[in-house]
Amino acid sequence: MRNPWLWALLVAGLTACNAEQSTLHVFGAEARAVRQMALVLTIGAVLIVAIMVALYVRAVRAPEGRLSHDGGMRMVLWLGAIGPTLILTALLIYALPAMRPRATAPGDLTIRVEGEQFWWRVAYDPASDLSPLSSANEVRIPVGRTVIFELTARDVIHSFWIPGLAGKMDMIPGRTNRLVVQAEKAGRYRGVCAEFCGLSHALMAFDVVAMDGADFDAWMARSRAASTGVTASRGARLFDAHGCGGCHAIRGTPHDADIGPDLSRFGERPTLGAGILPPTPANVAAFIRFPQDAKPGARMPAYPQISVADARAIADYLKGLK
Amino acid sequence: MSLHDQDDPALRAAQEDRLRAVWKPPQGLFLRWTDTNNNRVGVWYVLTAFGFMLFAGVLALIMRTQLAVPDNDLVSANSFNQLFTLHGSMMMFLFAVPMFEAVSIILLPQLLGARDLPFPRLSAFGYWSFLIGGVFVSGSIFFNAAPDGGWFMYPPLTTRTDLSGLGADIWMLGLSFIEVSSVAAAVELIVGVLKCRPPGMRLNLMPLYAWYILVVAVMILFAFPPLIAGDILFEMERLLDWPFFDANRGGDPLLWQHLFWIFGHPEVYIIFLPSIALFAMLVPTFANRHLLGYPWIVLAAVGTAFLSFGLWVHHMFTTGLPKISLAFFSAASEAVAIPTGVQIFVFIATLWAGRVTWSTPLLYATGSLAIFVIGGLTGVMVAVAPFDWQAHDSYFIVAHLHYVLIGGTLMPLFAGLYYYWPLITGKKLSDRLGRIAFWMLFAGANLTFFPMHLSGLMGMPRRVFTYPAELGLGGLNLMSTAGAYLFAAGVAVICVDLALSPRRAKAPRNPWNAGTLEWLAHPDDEDWGIRSVPLVESRYPIWDQPDFVRKVDEGRFFLPDAEEGRRETIVTTVLDARPLAVIRLGTPSVKPMLTAIALGGVFIFTTYHLYWAALACGIATLACTLWWLWTGTAEIPEKPCKPIGHGLELPLYLSGPAAPGWWAMFITMMADATAFSGLVFGYFFFWTRHADFPPATMADGPGILWPMVALAVGVIGWLATIGARDIHARGGVAAARILLLLGITHSIVGVGAGLAGPWTSGLDPQAHSYPAIVWTLAIWTSAHAGVAAIMQGYALARSLAGKMNPDHDADLRNVSIYMHFYALSAVVTYATIGLFPEVA
């Protein structure tokens, strides 16, 4: 009965190639180890199901008395108790090493990520002497180096999950959790919030960019400088006039508020609204006027009083920040 | 009465007329709802729980429709969050647990050859509470006010009133009310199993279903109270702004997660073990032999229950707990598979050794086992912490838990439905429709949930109202949706089968040729339960004891008559079921319903912040309870003893540890103490979280003086009551009354002294988690002091009214049990809040 479905599943699974956000398309060492483990566990589970089905069919078909009382008790003892005990003990021993976190050294890159309804506040090297580099809704990591994520939340519980990189870790107000990872392959990926956090929990994702070490270092150096594109444009004036700087920071301008997402180098971001929309100027303008249309429950107030043209000018200004 | 007398058909007919008259259900449009007989209340209970299951199933269908294609906008985020919260909460609290209790209320007396459960009115109270609470919680979705924080209700999302609305209160208070009714049913079932077995049915002859009821009811007793404690803290934060879960004021969101999952994990086994119990009844029937390995399966059930309390942290593997505790809980989570393996292999070995009669119930049981085994194996996978870090809160878990719950609860219930329908209605369900439905359910469940393993591993988180097309999850989700509709159609076929049942002819008695007592039920059901209470000498008496059915039917065993026109059943000893007494059972009454309505008012009015109305309902609840107890319990019989046949003469009154009432009190207080320990756990949890607890600004806490005064008066009140009990038993009625009066005074002083500590030291419960938890402990114990005063007053009044005397002192003995637990709470509370800051 199930066979046609299994085939359909297999086909669907193979055709639906999702390389961005999947525990099966890995780009980190931790996720690779777990995928390996998942394979072993699945094979074991399939074998056990097959054995159980075979035993059950024999049990139902066996004529009365084929199995004596003592034989039955031996079966319960060996197959029901001793067998599972041995298998589970082996499994525990197999899995224990993977529970140990990756070792860290003093110079390792630390990235602090804070979850908020419904976006991500990101800070690179938060303890460094250089000016801290903050960002939002995008995490960049160097390939081949150990990275320590420090995870917490300001409002409610969120969970930080980059399926291709490593398992998830909760972000809990009042606590700071550590997740230590190492990326193995450069590329663009996606992370999501995995703990239900309110109205737009489904719309809380982020972009992950794994870069070669040298590229990453260059990017860090470039990013610590002021955003390019900070000019006295109409969009910039409107940004000031409507008080956008009351919540948002842009490096190289007087705006350094930390209520909403940091918009420095906004033009570099691959998505808008924490991983949910393509960052076209039209989308940005619409988001400025009615954020709740794209993202129910978003904390940013709506600005219906900003005209479409003005919103578009602000969007163009933001898109120019690189 | 000798055996010989029962040979006379005229005598038997006269006995039957008397039994029929005594057990006649109340008639009339309203009065019929005041019935308390387990057959009637059990059926209402089952139908109501079934209705909630269908309702919650429809919610799931709406969700699956929304998720059928990516970027769908059929329902809003707001509605979707209400849908999944209510779906999970209803299936757990309004279907799975109540359904077990409902089925047990119907079956237990029949399994034990009892006329009814020991406290029929308590069952009715539980039912009405369940109905009111259930309608309140589930109806909220029609007002767009349903809870929307997930069935786990994690704070701070749910405790911050700016982030969550009335729904959170509806969840907390509505379901707390239902938890109360669940605990009430658990008390009823435990006492039923321990005290109301037929003579000769020693513990090791008990039908396995009764063993499982015992195990599961004990689990309810210890699992629900921590959640009730959590609910109390939760509502204190929501209604009064006491910061238990607010990290900015010394609280911690993880405290809720611990309390919730200390309940939540045993809950899984609370709803799974009863299904194994149904298998344990029907497998021997269809294998045509005794179940093989009776002691093994009992030990496995007890072992599962024990282990299930040590696994809760596996729901918290991603909260950043120390790795060593992950390893420990990983091991414990895997270990629970061992007793489960034993139970499954007991069934396989029994089928192997026996001669299998294939049937629709067995088909369902087989299908459930297959689905359950898959769910169990993915359970072992997620018990491995590193795998769980990926799978946790993804659709992989949705797949896992539905395999477990469909294979471990829903399908077994359908097996039980097809098996026991003839017992309840006298008619069989259609084999043909049953099989069609089975294959739809089996295919539907696999088609819905198997793809979810993959969609979860492909990165689809749980509780999302939509997902982007780019992730390539559309195909898998469409399959799941199609499967959900197929599954729903299968349920519809079963409903059609049930609806056709009244038109079908009666089946023969015991149509499956089973061997256990419940199949004595006659198709032309009489309300008296069993014609005469048998002497049981085997686990399968219908198979093993010669002429058994005829002897029961002809009243040749015990208690074949109702000479005094009273509803009665036999009470036996806990271990070896020696007959102890005949007890008079509660008759139909409106009191349980009124008490449930009043108590419901307390919870519902509190939800809407109508505190004066809630207080009025609280007073009404107390009044109804006292009225119910005063008129219906510990009645002094008109004669000390009565004959029950075979030359046996049994007393009509019991007090102390022999009495069902004493056990009920003791068990209730165990639940109370467990809830209390949940609050104490909160205190010490905060202490381990903070380097300075109490914080420096309130280092003196509530001081030492008042807590010690409260402790002293508590202990004196307790000693006075114990003294009253002992002196009263030796005939010192006047001295006992004076001691009770002394006890009342000290209990009343205890209320004030308990609150005086935090009050006089000016602890502000909104400032920090420390004063909040100190206040909570003090209020808890002071409230218990208040109840102590009422109970001591009740005993005194009973004595003055002549309803209690040295030979009939059940009231005073039950009050003493309460006082033991009150004294224990006082010692722990006042030592903790008064002395612990000095040593910490």
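As the structure is a computational prediction, the values presented were derived from the model and not from experiment.

Q: Quick one: what's the story with the domain arrangement of chain A, residue by residue and with numbers?
A: Residues and elements named next belong to chain A. Examined at the domain level, chain A breaks down into domain 1 (29-99), domain 2 (109-224) and domain 3 (234-319). Domain 1 and domain 2 are separated by 39 Å when their C-alpha centres are compared. Taken together, the two surfaces of domain 1 and domain 2 that pack against each other cover about 420 Å², and 39% of this comes from carbon and sulfur. It is Ala 29, Glu 30 and Ala 31 in domain 1 that bury the most area against domain 2; as a group they hold 86% of the surface buried on that side.

Q: Give me the lowdown on the sheet that holds strand 7 (residues 169-171) of chain A, citing residues and values where you can.
A: Residue and element names in this part refer to chain A. Strand order in the open sheet formed by 5 strands is 4-10-9-6-7, and the pairing between neighbours is mixed. The open sheet is flanked by strand 4 (138-142) and strand 7, the only strands paired with a single partner. Here the strands of the sheet are splayed against their neighbours by 30° on average, with no regard to which way each runs. Looking at chain direction, strand 6 (residues 158-161) and strand 9 (residues 187-193) are connected through 2 bridges and run antiparallel. Bridging across to strand 9, Phe 160 finds its partner in Cys 193. Against the sheet, helix 4 (residues 213-224) engages strand 4 and strand 10 (205-211), with an angle of about 130° to strand 4.

Q: Can you lay out the nonpolar core for me, pointing to particular residues and giving the numbers?
A: In this structure, Ile 111, Ile 141, Phe 149 and Phe 160 of chain A together with Tyr 209 of chain B are the most contacted members of the largest nonpolar core, which totals 315 residues. Counting residues per element, this core draws most heavily on helix 7 (residues 253-287) of chain B, at 23 residues. Membership of the second largest hydrophobic core comes to 31 residues, among which are Trp 23, Ile 583, Leu 654 and Met 804 of chain B.

Q: Give me the lowdown on the pattern of salt bridges, citing residues and values where you can.
A: Any two side chains of opposite charge can pair, on the condition that their charged atoms come close. Per the stated rule, a full pass over the model turns up 47 salt bridges over all chains. For Glu 635 of chain B, the salt bridge goes to Arg 566 of chain B, with nearest N and O atoms at 2.9 Å. Here Arg 566 of chain B lies in the loop between helix 17 (548-553) and strand 1 (568-572) and Glu 635 of chain B lies in the loop between helix 19 (611-632) and strand 3 (641-645), a separation of 69 residues in the sequence. The class for Arg 566 of chain B is partly exposed, based on a relative accessible area of 25%. Sharing partners across several salt bridges, the network here consists of Arg 112, Glu 114, Glu 116, Arg 121, Glu 150, Arg 154 and Asp 258 of chain A.

Q: Now, about the packing of helix 22 (residues 733-760) of chain B against helix 23 (residues 769-800) of chain B: what can you tell me, with residues and values included?
A: All names here are of chain B. With their axes 8 Å apart at the nearest point, helix 22 and helix 23 run at an angle of 165° to one another. Between helix 22 and helix 23, the interaxial angle falls into the category roughly antiparallel. In this structure, helix 22 crosses over helix 23, and the sense of that crossing is left-handed. A class-by-class count of the residues in the contact of helix 22 with helix 23 yields 19 nonpolar, 9 polar and 1 charged.

Q: Any details on the packing of aromatic side chains? Residues and values, ideally.
A: Inspection of the entire model under this criterion finds 71 aromatic pairs over all chains. Aromatic pair Phe 684 of chain B and Phe 836 of chain B: ring centres 4.9 Å apart, planes at 80°, arrangement edge-to-face. A residue pair is termed long-range when its members are at least 10 positions apart, and Phe 684 of chain B in helix 20 (residues 660-689) and Phe 836 of chain B in helix 24 (residues 810-839) qualify at 152 residues. You can call Phe 684 of chain B partly exposed: its relative accessible area is 28%. Owing to a relative accessible area of 15%, Phe 836 of chain B belongs among the buried residues under this scheme. A connected cluster of aromatic rings, assembled from ring pairs, spans Phe 93, Trp 151, Trp 171, Phe 224, Phe 234, Phe 244, Phe 245, Trp 256, Phe 260, Trp 261 and Phe 263 of chain B. In this structure, Lys 168 of chain A packs its charged tip against the face of Trp 161 of chain A, placed 3.9 Å from the ring centre. In this structure, Arg 798 of chain B packs its charged tip against the face of Trp 630 of chain B, placed 5.2 Å from the ring centre.

Q: I'd love a proper account of empty space enclosed by the protein, names of residues and values included.
A: Residue and element names in this part refer to chain B. Enumeration according to the criterion identifies 14 cavities of 30 Å³ or more in this entry. If you add up the space inside the largest cavity, you get close to 90 Å³. Across the lining of the largest cavity, the residue classes break down as 10 nonpolar, 4 polar and 1 charged. Of the pockets and cavities examined, the second largest cavity occupies roughly 80 Å³. Counting residues per element, the ones that place at least two in the lining of the second largest cavity are helix 3 (77-111), helix 7 and helix 13 (395-425). When grouped by side-chain class, the residues that make up the lining of the second largest cavity number 9 nonpolar, 2 polar and no charged.

Q: So, the side chain of Ser 182 of chain B: which residues are in play, and what are the values?
A: Structurally, the position occupied by Ser 182 of chain B is in helix 5 (residues 166-195). Taking the relative accessible area as the measure of exposure, Ser 182 of chain B reaches 2% and is therefore buried.

Q: Any chance you could break down the sheet that holds strand 5 (residues 146-153) of chain A for me, citing the residues and the numbers?
A: Residues and elements named next belong to chain A. Taken in spatial order, the 5 strands line up as 3-2-1-5-8 in an open sheet, and their pairing is mixed. In the strand order of this sheet, the two ends are held by strand 3 (133-136) and strand 8 (177-182), each with one partner. The average undirected angle you get between the axes of adjacent strands in this sheet is 25°. Both strand 1 (residues 109-116) and strand 5 contribute to a ladder of 7 bridges, which runs parallel. Bridging from a neighbouring strand, Arg 112 pairs with Glu 150 of strand 5. Running at roughly 95° to strand 3, helix 4 makes contact with strand 1, strand 2 (119-124) and strand 3 of the sheet.

Q: Can you explain unusual backbone geometry? Please cite residues and give values.
A: The linkage connecting Gln 117 of chain A with the following residue, Phe 118 of chain A, adopts the cis geometry, with an omega of -5°. Note that the residue after Phe 693 of chain B, namely Pro 694 of chain B, is joined by a cis bond; omega there is 5°. One can find Pro 694 of chain B in the loop between helix 20 and helix 21 (705-729). Even without being glycine, Asn 513 of chain B reaches a positive phi, approximately 60°. By the secondary structure assignment, Asn 513 of chain B is in the loop between helix 15 (474-500) and helix 16 (541-544).

Q: Summarise a nonpolar patch on the surface; cite the residues concerned and give the values.
A: A contiguous nonpolar surface patch, about 400 Å² in accessible area, is contributed by Leu 39, Ile 43, Leu 47 and Ile 51 of chain A. Within the element layout of this structure, Ile 43 of chain A appears in helix 2 (residues 29-61).

Q: Requested: an account of the domain arrangement of chain B, with residues and values cited.
A: Residue and element names in this part refer to chain B. Domain parsing of chain B yields domain 1 (1-29 + 40-276 + 526-654) and domain 2 (665-839). If you average the C-alpha positions of domain 1 and of domain 2, the two centres end up 28 Å apart. Counting from both sides, the interface comprises 35 residues of domain 1 and, opposite them, 39 residues of domain 2. Between domain 1 and domain 2, the buried area comes to about 3,000 Å², and carbon and sulfur atoms account for 76% of it. When the area that domain 1 buries against domain 2 is broken down by residue, the three leading residues are Trp 242, Trp 630 and Ile 636, summing to 21%.

Q: Tell me about the interface of chain B and chain A, and please be specific about residues and values.
A: Contacts between chain B and chain A engage 92 residues on the former and 85 residues on the latter. Interface area, chain B with chain A, both sides summed: about 7,500 Å², of which 73% is carbon and sulfur. Ranking the residues of chain B by area buried against chain A places Phe 345, Trp 352 and Gln 390 of chain B at the top, with a combined share of 12%. Here chain B is connected to chain A by 3 salt bridges. Its salt-bridge partner being Glu 64 of chain A, residue Arg 355 of chain B comes within 3.4 Å of it at the nearest N-O pair. On inspection of chain B and its partner chain A, the count reaches 16 residue pairs in polar contact (both at pLDDT 80 or more). A per-element tally of the side of chain B that touches chain A places helix 10 (residues 337-353) of chain B first, with 12 residues.

Q: How would you sum up the environment of Ser 532 of chain B? Please name residues and give values.
A: Checked against the element boundaries, Ser 532 of chain B lands in the loop between helix 15 and helix 16. With near-sequence residues (within four places) excluded, Ser 532 of chain B lies in contact with Arg 115, Lys 551, Val 552, Gly 555, Arg 556, Phe 557, Phe 558, Leu 559 and Pro 560 of chain B.

Q: Describe the pairing of strand 5 of chain A, naming the residues involved and giving the relevant values.
A: Consecutive residues of a regular strand have side chains that alternate between opposite faces of the sheet. Residue and element names in this part refer to chain A. Among the 8 residues in strand 5, 7 count as buried, and that is most of the element. The pairing of strand 5 with strand 8 spans 6 bridges and is classified as antiparallel. Looking across to strand 8, one finds that Phe 149 is bridged to Leu 179.

Calculation notes
- Residues numbered from 1 in each chain as written.
- Chains lettered and ligands numbered in written order.
- Predicted model: local features only at pLDDT ≥ 70, side-chain atom pairs only at ≥ 80, totals over all residues.
- Heavy atoms only, no water.
- Domains from an automatic or database assignment.
- Buried area = accessible area lost by both parts, 1.4 Å probe.
- Pairing = 2+ DSSP bridges.
- Helix = DSSP H or I, 4+ residues; strand = E, 2+ residues; numbered from the N terminus.
- Axes fitted to C-alpha atoms, helices over the stretch in contact; angles between N-to-C directions.
- Contact = heavy atoms within 4.5 Å.
- Core = buried A, V, L, I, M, F, W, Y, C linked by side-chain atoms within 4.5 Å.
- Buried < 20%, exposed > 50% of the residue type's maximum accessible area, 1.4 Å probe, protein only.
- Salt bridge = Lys/Arg side-chain N within 4 Å of Asp/Glu carboxyl O.
- Parallel < 35°, antiparallel > 145°, perpendicular 65-115°, else oblique.
- Left-handed = near helix turned anticlockwise from the far one by under 90°.
- Nonpolar A, V, L, I, M, F, W, Y, C, P; charged D, E, K, R; others polar.
- Phe/Tyr/Trp six-rings, centres within 6.5 Å; stacked < 30°, edge-to-face > 60°.
- Lys NZ or Arg CZ within 6 Å of the ring centre and 35° of its normal.
- 1 Å grid on protein atoms, 1.4 Å probe; cavity = no way out; pocket = protein on both sides within 12 Å on 5 of 7 lines; lining within 4 Å.
- Points joined across faces, edges and corners; volume = space filled by probe spheres on them.
- Patch = residues over 30% accessible without salt bridge, like charges linked within 9 Å, V, L, I, M, F, W, Y side chains within 5 Å.
- Areas by Shrake-Rupley, 256 points an atom, 1.4 Å probe, with all protein chains shown as cover.
- Polar contact = N/O pair within 3.5 Å; in protein donor to acceptor, adjacent residues only side chain to side chain.

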